[in-house]
Amino acid sequence: MRLVWRLLLTLAAGALLTALLVRTAPGYGVHERDLDIRRNGPTRPQLSLPWWYSREFQTPIHQLVAQRAMPTALAVTGGLALAWLISLASALASTRWPSRALLNTAFVGAMLLQCLPAGLVALLLLVFGFRGTPAVALALALALGPRVWQVSRAILARAASSPCLLLARAQGFGPWRLIARRLLPLAAPELRALGAVSVTLAISLAIPLETILDVPGLGQLAWQAALSRDLPLLVQLMTLVTLVVVVAGELARSKSA
Amino acid sequence: MSHLVGLLAILLFAPPPAPQRGGELRLAVQAEPRSADPHIAADEPSELLAYLTHGVLVRINRLTQQSDAELAQSWKSSPDGKSIVFSLRPTVKFSDGAAVTSADVCYSLARILEPKLDAPNGDSLRGVAGAVRCAPEKNRVTIIFEKPLASAERWFDGIAILPASGKEKIGAGPFQIREWQPGAFITLERNPHYWQRDAAGAALPYLDGVRLDVQRNRDLELMRFEKGEFHLINNLDPDSYDRLRAKGGNSAISLGASLDTEQMWFNQSPAAPIPDSKKGWFRTTSFRQAVSLAIRREDLARVVYRGHATPAAGPVSPANRLWVNTSLKAPTANPQQALALLRREGFTFSAGVLKDPQGRPIEFSIITNAGNKSRERMAAMIQQDLAAIGIQLRFAPLDFPSLIERITRTFDYDACLLSGVFSDLDPNGAMNVWLSSAATHQWNPNQKSPATPWEAEIDKLMQSQALAMDPAVRKRAFDRVQAIVAEQAPFIYLIYRNSMVAVSPRLRGVQPAPVRPQVLWNVPRLYLQN
Amino acid sequence: MKFAAAIVLLLLSLAALTGPWIAPDGGQMQFRDHINEPPSPQFPLGTDPLGRDRFARLLSGARISLLLAPAAALLAVLLGALIGIAAGLRPGWLAHLLSAACDLTLALPWFFLLLTLRALIPIDVAPAVSLLVTFALLGLLGWAGPARVVQAGVQDTLRSPRILALRARGAAPLRVLTRHLLPELAPLLAGQFLALAPVFLLAEANLGLLGLGVSEPMASWGNLLKELESVAVAGPAALVQSWWMLAPLACLLLSTGSLFILAPREITP
C-alpha cells in the first residue's frame, strides 16, 4: 500500500515538474501560423480542447500513443533482449572458461563501442543500410550491450569467487549446474538492479535515436511534443516514462520479487 | 550524315510514345500533414495533400503563372471588380460519384470564410474583399464582393470545393486518400470520377496512386531517391543537388530562382525591451543601408548555396515574372561606402571598432531558427562581413517557438534572419507584410498610424493597387513599393534560393516549375515508364 | 595501459591549450576562396564549407571538450556527493526522497531544457557564456548516478567496525565525517569523476549531432561530427575518401577511451 502511495506521489511530482517545465518555457502558446502572412491580426485563441487532447495533433492522446507505441516497444524490447543475451552469454562464458586474452579483447571492444556517441552509431547504421525499428533496436543494443556486459561480468566474477560457490564446487557440482543453481541465484539481486538501470537507459535513448533514425515511435512523438510545446501530450508521455522507470526501479529493489 | 538527319527526323516527328498507365508515385514529405481539411491547410505537406485530393474552380498554371480553367470552364469579372461569374463544367463529379454543383461552390466559399474555422486563405480573402456573397444558379455561380477585387479568379486557386453534404474525405481532385498511417505514410489512389482527360480522350490521372512517406531527414530522403525508392524530390538543397550532378545523369534539375527570399531585419518596434541606443541605430535608414552594403551577397550565394542562389535586389524574386520590379539591382558589397554613409550620421570608425555619435561601440545580436544549416552559415558569414566595418555581431540560433515568441509577442531581439515564404504571386497576397497596421509587418507590426513617411506611402500604394482594376496601374504601384523597400531597407534582402528538384528517369510528363508544388503541379499528366 | 592513457590525455590537453598560439583565430576566419578543400600545408585537415581551417576548429573544439566536460563531471560528482552523503547519514524519509528524486531525474524530459536553453539566457551574451551554461546544466543534471553510489558507500562505511567503534566511543559526528568518512569515500568519488567525464564528452557529441550543442560559429567536437552526416549518407566509400573529416571522431575516441581506461574497471550500476 505504501508502495502505491509512493508511486502515485512520484508520478504526480513528475507530471507537475514536466508541466512546469513546458509552461514556463519560452515559446509556450505561440504557433507557426503567427507568421502566416495570409492572416489578419493576432491569432484567435484556439478552440479549447480537453486535457486528453494533443494540442499539436488535435487528437486524443491515447490514440496517438496507441498508434506509436508499437515501434518503440519493439525497438526497446528487441534492443534490451539483444544487449542482455549477448552480454550475459559472454559474461557467463568468461566465468565458465576464463581466458585472459579473450577477456581483454572483449574489454577493448566494449570500450570502443562505449566511446562512440549513440547518435553516431545511429548514423553509421544508416550508412550500412539499416532502417526503421530494427535500426533503433540495434543502436540500443550497441549502446547498452557493452555497459551491461561490463557490469554483469563484474557481478558474476564477484559471485563466482564467493565462499558459497567455492563450497558448491568442492561438493562436486557440474559447471552448468553450478551456474544455474548457485551462481545466478546469488547474483540475481544485483543483475536485477542492472536490469532496471538498462531499461531506464533504453527509454531515455529512444528519444534521440528515434529522432535521428526517423522512426514514428513514442520517442519521436515526445520530441515533436517538445518542439511544439504540446503540454498535455508531453506531460502524459513523461508520466508514462516515469511509470516505467519507477516500476522498474521498484522491481529491482524489492528483495522478494 | 544523312543517317543522322534521318534519326533526327524520326526523333522530331515521330508521335510521342503513349503514356503508360498505372504505377504508384512515391515521394517524401518532411512532416506529417497537420490536417486533411484543405481549408485549414497551412503547412506545406497539408497543402500538397489538398492539391492532390481536391479540385478548385481555377488553377494558377505554375509554368505560365496564368489562370487555367479547372472545375469552372469559364469566368467573367464585372468591370468594377465587385463580382465574378463562374460557369461550372457540367460533368464534374466528386470522388464518391456525386455531381459538383453550384451549391457545393457556395457552401465551400461560406465555409472557408467562416471566421470560426480560422482558414488562412479565407482570412486573406476577407481582408481584401470584405464581405462576400454567393448566388448559386444551375451550373453558374455569381460571387459578389464588398470591395473591388483585382484578378478575382486567382483567389479561387486556394479554395477547395467540398461537397455541401459535409461528407468528409470527398474531393474533386485527381486522387483520394486510401490509407493514412500516422507518422509513417499516406497512400492515395486515383479518383475514378476525375473530370480531366488527355488529348486522346483517355481518363486522367495516368498514375494509379501516390504514396507520401513521412521522412524528416533530408539526407535519408536523398539516399532513398538514389535507391529508386522515391521518384522525385521537390526541394533539393544545394549539397544534394551537387551530389546528384557529380554522379552523372540528369535527375537533378535547377529551375532558377524560387519565390522565397532570405532576409534579415532590424527590430524597430517601439515596444521592444531593448536599449534606446539600439532602437536609435535600427531606425536610422543610413545604418540599415550601411549594413546592407557591408554584406557580400555574392559570397552568400557562392559559398553557402554553392552558386545555387541569386543575390537579392528586393522583396519580389524574378521567379514572380508578372510582378518583379526588374529595375532594382542587388547591391554590390562596398564597405568603404558603408562607412562613408555611417560617418555622415556621426558614427566613427577607428581601431576596427565602429562607434555611434555618443561613443558607444556598435554591437548587436541576430536570431534565427536553430537547425537550419544554410541560415546558420549565412549568419557566420554576415558576422565576418560586418566585422570589416567594425560591427560586432552575435549570433543566437533559437528553436522555432522561442523565435516566434520573440518576433511576434515580446519583441525582445535586435535583428532576425529568416526567409520570406510567398504562396501567392499577387501583391494582394502579401498585403499583411506591407501594411503598417498588419501583424506580420515584421520590423514594426501592429502600428496605429504609420511610423515613418515611407511606410505611410507604402500603405497608400498597397491600398490603391488593391482597388485598381487596370493591371498596368497595379504594377506601377507595386513597383514603387518594391523600390521604397529596397531603398529604406526595413528588410535587408540577401538572396533568392534556387528552386531545385530531382526527378527519376522513370517519371515522365514532367514540367517542373519553381513554384510549389514544383514537380507535382501537373500530377494528372505524370506517368511512370518501366 | 593506464600510463599510456594518461600520456594520450596529456598530449591532447597540451594541443588544446596551445591552440590559441597555433591557430589564433580559433578557426573562425573564413577563407572564402578555399571552401571544402582537402588537406594541404596551409590547412593540415582541409577546410570546411565556409572555408574555415578544420585543424584550427578541431583544436578549439578540443579546448571546449577537454576543459568543460571534466568541469561538468566535477560539478555532478560534488553535487552527487553532497546529496549522497546527506541521504547516507540520514536514512529513512530522506533516502526515500532521494530515490524518488533519482527516478525523476532519470525520467524527466531534460532534453527539453537543453532545447530551450539558448532562449532562456539573454540573447546578447557572449557565445562562451551560453557554452558554460550548457555544460553547467549537464553537470547539474548528472548528480543522480554519483549520489546513489555515494549513498551506498556512506552506508557501507558507517557499518564498518572501525567507524562503529569510533561512534561508540562518542566521537563527534562532524569529526567522523571529515576525518574518517571523507577519506574513505575519496577513491569512490575519484572513480565516479573518471567515469562521468567521458560520459559528458559523449553527451556533448550527441547534443551536437542532434543540433542542440554548441552553435555556429564556435567549433566543438559535437558539431564537427555533425558535418560527417552529409558525407556519411553518401556511403562508406565517401567516408573513407574524406578521411580527414574523421579527425574529430579520432580525438573523441582517444580521449573518452583514455578516460575509460583510467576509470576503475568495476563500476557499480
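Above this text you will find the structure in question.
For every chain, the first residue of the written sequence is number 1, and numbering continues from 1 along that sequence. To read the labels, note that chains go from A and ligands from 1, taken in the order they are written. The predicted nature of this model means local features are confined to residues of pLDDT at least 70 and side-chain atom pairs, given and counted, to a pLDDT of 80 or more, with totals for whole chains, interfaces and linings taken over all residues. By convention in this description, side-chain values take in all heavy atoms of the structure and omit both hydrogens and water.

Peer 1: It is not clear to me how the overall build of chain B should be interpreted in this structure. Could you clarify?
Peer 2: The helix and strand tally for chain B stands at 15 helices and 21 strands. Between the two quantities, the radius of gyration covers C-alpha atoms and the globule rule is 2.2 Å times the number of residues to the power 0.38. Computed over its C-alpha atoms, the radius of gyration of chain B comes to 25 Å, within 12% of the 24 Å expected for a compact globule of 530 residues. With the C-alpha coordinates aligned to their principal axes, the bounding extent of chain B is approximately 75 × 60 × 50 Å. Classification of residues uses two cut-offs on accessible area relative to the type maximum, computed with a 1.4 Å probe and protein chains only: under 20% is buried, over 50% is exposed, and between them is partly exposed. By residue count, 58% of the 530 residues in chain B fall in the buried class. Of the contacts made within chain B by residues no fewer than 6 positions apart, 68% connect residues no fewer than 24 positions apart. Charge convention: Lys and Arg are scored as positive, Asp and Glu as negative, and His as well as the terminal groups of each chain are ignored. Think of each charge as sitting on NZ of Lys, CZ of Arg, CG of Asp or CD of Glu. In chain B, which carries 61 positive and 53 negative side-chain charges, the distance between the mean positions of the two groups comes to 2 Å. The way it works is that DSSP assigns letters per residue, a run of H or I at least four long becomes a helix, a run of E at least two long becomes a strand, and they are numbered from the N terminus. Contacts were defined at the residue level, with two residues in contact if any of their heavy atoms lie within 4.5 Å.

Peer 1: Honestly, the interface of chain B and chain C in this entry has me stumped. Any pointers?
Peer 2: By a widespread convention, an interface's size corresponds to the accessible area lost as its parts come together. With 29 residues of chain B at the interface, the matching set in chain C holds 27 residues. When chain B packs against chain C, close to 2,400 Å² is buried across both sides, 55% of that on carbon and sulfur atoms. Once two parts are joined, some of their accessible surface, as seen by a 1.4 Å probe, is lost; buried area is that loss totalled over both. The three residues of chain B that bury the most area against chain C are Arg-377, Gln-384 and Arg-394 of chain B, which together make up 21% of that side's buried surface. The term salt bridge refers to a side-chain nitrogen of Lys or Arg lying within 4 Å of a carboxyl oxygen of Asp or Glu. Put simply, chain B and chain C have 4 salt bridges between them. With a closest N to O distance of 3.8 Å, Asp-33 of chain C and Arg-302 of chain B form a salt bridge.

Peer 1: Can you help me understand the state of the cysteines in this one?
Peer 2: A covalent bond between the sulfur atoms of two cysteines is what we call a disulfide. Residue and element names in this part refer to chain B. Cysteine sulfur pairs qualify as disulfides if the two atoms are within 2.5 Å. Under the defined criterion, the tally for this structure stands at 1 disulfide over all chains. Bridging Cys-106 to Cys-134, the disulfide has an S-S length of 2.0 Å. Where Cys-106 bonds to Cys-134 through sulfur, the torsion about that S-S bond is close to -70 degrees, and the disulfide is left-handed. Placement of Cys-106 in helix H3 (residues 102-113) and of Cys-134 in strand S6 (residues 132-137) is noted, with a sequence separation of 28 residues between them. Residue classification places Cys-106 among the buried residues on the basis of a relative accessible area of 12%.

Peer 1: What should I look at first to understand the environment of Arg-288 of chain B in this one?
Peer 2: Residues and elements named next belong to chain B. Among the secondary structure elements, Arg-288 is positioned in helix H8 (residues 285-294). According to the relative accessible area criterion, Arg-288 is buried, its value standing at 0%. Remark: the alpha-carbon pair of Arg-288 and Ala-202, spanning 86 residues in sequence, is separated by 58 Å. For Arg-288, the contacting residues outside a window of four places in its chain are Phe-266, Gln-268, Phe-282, Arg-283, Trp-454, Gln-488, Ala-489, Pro-490 and Ile-492. The definition of a polar contact used here is a pair of N or O atoms within 3.5 Å, where within protein one atom must be able to donate a hydrogen and the other to accept one, and adjacent residues in sequence count solely through side-chain atom pairs. In terms of polar contacts, Arg-288 uses its side chain to reach the backbone carbonyl oxygen of Ala-489, at 3.3 Å.

Peer 1: Looking at this model, I keep getting lost on the pattern of salt bridges. Mind explaining?
Peer 2: It is possible for side chains of opposite charge to pair when their charged atoms get near one another. What the rule picks out here adds up to 50 salt bridges over all chains. A salt bridge links Arg-474 of chain B to Asp-426 of chain B; the nearest nitrogen and oxygen atoms lie 2.8 Å apart. With Arg-474 of chain B in helix H15 (residues 471-488) and Asp-426 of chain B in the loop between strand S18 (415-420) and helix H13 (431-434), this pair connects stretches of sequence that are 48 residues apart. Of the two residues, Arg-474 of chain B and Asp-426 of chain B, neither departs from the other in class, the shared state being buried. Residues Glu-229 of chain C and Lys-226 of chain C are paired through a salt bridge, measuring 3.0 Å at the closest nitrogen-oxygen approach.

Peer 1: Would you take a moment to explain helix H12 (residues 247-262) of chain C for this structure?
Peer 2: Residue pairs spaced three or four apart in an α-helix point in one direction, given the helix's 3.6 residues per turn. Residue and element names in this part refer to chain C. An expected span of 1.5 Å times one less than the residue number is assigned to each helix. Here H12 spans 23 Å end to end across 16 residues, near enough to the 22 Å set by a 1.5 Å rise per residue. Among the 16 residues of H12, 12 are classified as buried, and the element is accordingly described as predominantly covered. Those residues of H12 that sit buried are Ala-247, Pro-248, Leu-249, Cys-251, Leu-252, Ser-255, Thr-256, Gly-257, Ser-258, Leu-259, Phe-260 and Ile-261.

Peer 1: Whenever I open this one, unusual backbone geometry confuses me. Can you help?
Peer 2: Excluding glycine, most residues fall at negative phi; most peptide bonds, likewise, are trans. Across the junction of Leu-204 of chain B and Pro-205 of chain B, the peptide omega takes the value -5 degrees, indicating a cis bond. Relative to the helices and strands, Pro-205 of chain B resides in the loop between strand S9 (185-190) and strand S10 (209-214). For the bond from Arg-516 of chain B to Pro-517 of chain B, the omega torsion is 0 degrees, close enough to zero to count as cis. The residue Pro-517 of chain B is located in the loop between strand S20 (507-508) and strand S21 (527-528) in this model. We note that Arg-229 of chain A has phi near 55 degrees; this positive angle belongs to a residue other than glycine. Along the chain, the position of Arg-229 of chain A falls in the loop between helix H8 (218-227) and helix H9 (231-253). Residue class for Arg-229 of chain A comes out buried when judged on its relative accessible area of 4%. We note that Asn-139 of chain B has phi near 55 degrees; this positive angle belongs to a residue other than glycine. Here Asn-139 of chain B is to be found in the loop between S6 and strand S7 (140-145). Relative accessible area serves as the criterion here: at 28%, Asn-139 of chain B is assigned to the partly exposed category.

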